[in-house]
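# Working through the structure, step by step
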Amino acid sequence: MNLIFIGPQGSGKGTQAKIISEKLNLCHISTGDLLRNVKGNLKEEVDSYINVGKLVPDELILKILIKELKKCKKGFILDGFPRNVTQAQKLKDLIDINKVIEINITDKQAIKRITSRISCKNCGAVFNKITNPPKIEGVCDSCKGKLYVRDDDKEEFVKKRLKIYHNETEPILGIYDSVRIDGFQEIDKVAQEILEKL
Ligand SMILES: [Zn+2]
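Along every chain, residues carry numbers that run from 1 in the direction the sequence is written. Local features in a predicted model are, by the rule used here, given only for residues with pLDDT of at least 70; side-chain atom pairs are given and counted only at 80 or more, and totals for whole chains, interfaces and linings are based on all residues.

## Some thoughts on the overall build of the chain
Under the scheme used here, helices are H or I runs from DSSP no shorter than 4 residues and strands are E runs no shorter than 2 residues, and both carry numbers assigned from the N terminus. Along the chain, the regular secondary structure elements total 8 helices and 8 strands. Two things to know: the radius of gyration comes from C-alpha atoms, and the globule rule equals 2.2 Å times the number of residues to the power 0.38. Against the 2.2 N^0.38 benchmark of 16 Å for 198 residues, the chain shows a C-alpha radius of gyration of 18 Å, consistent with a compact globule. Overall, the chain is about 50 × 40 × 30 Å in size when its C-alpha atoms are taken along their principal axes. Pairs at least 24 residues apart make up 72% of the contacts formed inside the chain by residues separated by at least 6 positions. By definition, residues are in contact whenever their C-beta atoms, placed on the basis of the backbone, come within 7 Å of each other.

See the structure below:
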């Protein structure tokens, strides 16, 4: 079974991709991790873009991706690619996808979840004021470092990314057989609903 998971920031898409891939014995391919861990000649090629702050071209991502996907005998979950309709079309020409799963939360829910994140300046640990507060306010549980809200997690940035998601990523749902799952539930409940819809 070959699946694509999409969802706005804060939807828990990555967590669900991990849970479902383990349950169904599928490869979990996070494009971000894949590009960071690529080896050999391809690494040099990827770095030549990343090091100068350029986007890695679709063709190069696909080349790396297809190589990796061929190792997945039982199928895979793609997490982080495709991000837009152009990429989805290119992927469609190369490999069959059974379903796209969208983990859906509203913009309001996404903003609430992300802006309540607090990170440790020292060790990078992430807490959440609502769902996972530190034992002492403003202080990291593991290293006693100072907790702060990253620029990335501030409302204006979250809104910008949500807009890009709606404009560019969401239309992928129209290209493939798709199902939308309510991501604003307990983690187990979301996973169960995904399994029922497959
Ligand atoms: Zn810390």
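## Regarding the sheet that holds strand β5 (residues 117-120)
Should DSSP find at least two bridges between two strands, the strands are regarded as paired. Spatially, 3 strands are ordered β6-β5-β7 in an open sheet, and the strand pairing comes out antiparallel. Looking at strand neighbours, the two that pair on one side only are β6 (126-128) and β7 (147-148), the edges of this open sheet.

## Thoughts on the pairing of strand β1 (residues 2-6)
Across a regular strand the side chains alternate sides, sitting on one face of the sheet and then on the other. Of all the 5 residues making up β1, 4 are buried; the element is thus mostly covered by neighbouring parts of the structure. Across 4 bridges, β1 lies against strand β3 (residues 76-79) in parallel orientation. Looking at the pairing, Leu3 lines up with Ile77 of β3. Where β1 meets strand β4 (residues 99-104), 4 bridges bridge the pair, whose relative direction is parallel. Each residue of the ladder has a partner; that of Ile4, found in β4, is Val100. Neighbour density around each residue's C-beta defines its exposure: 20 or more other C-beta atoms within 10 Å make it buried, 12 or fewer make it exposed, and counts between make it partly exposed, where C-beta atoms are placed from the backbone.

## Topic: the nonpolar core
Only buried Ala, Val, Leu, Ile, Met, Phe, Trp, Tyr and Cys residues enter a nonpolar core, and they are joined through C-beta atoms within 7 Å. Residues Ile4, Phe5, Ile77, Leu78 and Ile101 are the most contacted members of the largest nonpolar core, which totals 22 residues. Where this core is concerned, the elements lending two or more residues are β1, α1 (13-24), α4 (58-69), β3, α5 (85-94), β4 and α8 (187-197). Top element by residues in this core is β1. It accounts for 4 residues. Residues in contact with Ile77, not counting those within four places in the same chain, are Leu3, Phe5, Ala17, Ile20, Ser21, Leu26, His28 and Ile29. Formed by 5 residues, the second largest nonpolar core is a distinct cluster that contains Ile118, Cys120, Phe127 and Cys140.

## Re the sheet that holds strand β8 (residues 178-182)
Spatial ordering of the open sheet is given by β2-β3-β1-β4-β8, a layout of 5 strands whose pairing is parallel. Bordering the open sheet on either side are β2 (27-30) and β8, each of which pairs with just one other strand. The mean inter-strand angle of the sheet, taken between neighbouring strand axes irrespective of direction, is 20°. For helices, the fitted line uses only the C-alpha atoms of the stretch in contact; every axis is such a line through C-alpha atoms, and the angle between N-to-C directions lies from 0 to 180 degrees.

## Topic: α1
An expected span of 1.5 Å times one less than the residue number is assigned to each helix. Spanning 12 residues, α1 covers 16 Å between terminal C-alpha atoms, matching the ideal 16 Å at 1.5 Å per step. When we look at burial in α1, the residues that qualify are Lys13, Gln16, Ala17, Ile20 and Ser21. Along the axis of α1, the buried positions cluster into a sector of 125°, meaning they face one direction only. Exposed residues lying more than 90 degrees from the buried face of α1 are Glu22 and Lys23. Those residues of α1 hidden inside the fold are in contact with β1, β2, β3, β4 and α8. One or two residues past the end of α1 sits Asn25, with phi positive at roughly 65°. Here the arc refers to the directions that run from the helix axis out to each C-beta atom.

## A closer look at the packing of α1 against α8
At a minimum axis separation of 10 Å, α1 and α8 run at an interaxial angle of 55°. It follows that α1 is oblique to α8 by the angle criterion. Between α1 and α8 lies a crossing of right-handed hand. Residues Thr15, Gln16, Ile19, Ile20 and Lys23 of α1 pack against Ile187, Val190, Ala191, Ile194 and Leu195 of α8. Residue polarity follows a fixed list, in which Ala, Val, Leu, Ile, Met, Phe, Trp, Tyr, Cys and Pro are nonpolar, Asp, Glu, Lys and Arg are charged, and the others, Gly among them, are polar. Among the residues making up the contact of α1 with α8, the classes are represented as 7 nonpolar, 2 polar and 1 charged. Roughly parallel means an angle under 35 degrees; roughly antiparallel means over 145; roughly perpendicular covers 65 to 115; every other angle is labelled oblique. Crossing handedness follows the turn of the near helix against the far one: under a right angle anticlockwise gives a left-handed crossing, and clockwise gives a right-handed one.

## Digging into the pairing of β5
Where β5 lies against β6, 3 bridges are found, and the strand directions are antiparallel. Bridged to Arg117 within β6 is Asn128. Where β5 folds back on β6, the antiparallel hairpin that results is connected by 5 residues, among which Gly124 adopts a positive phi of roughly 85°. Pairing between β5 and β7: 2 bridges, direction antiparallel.

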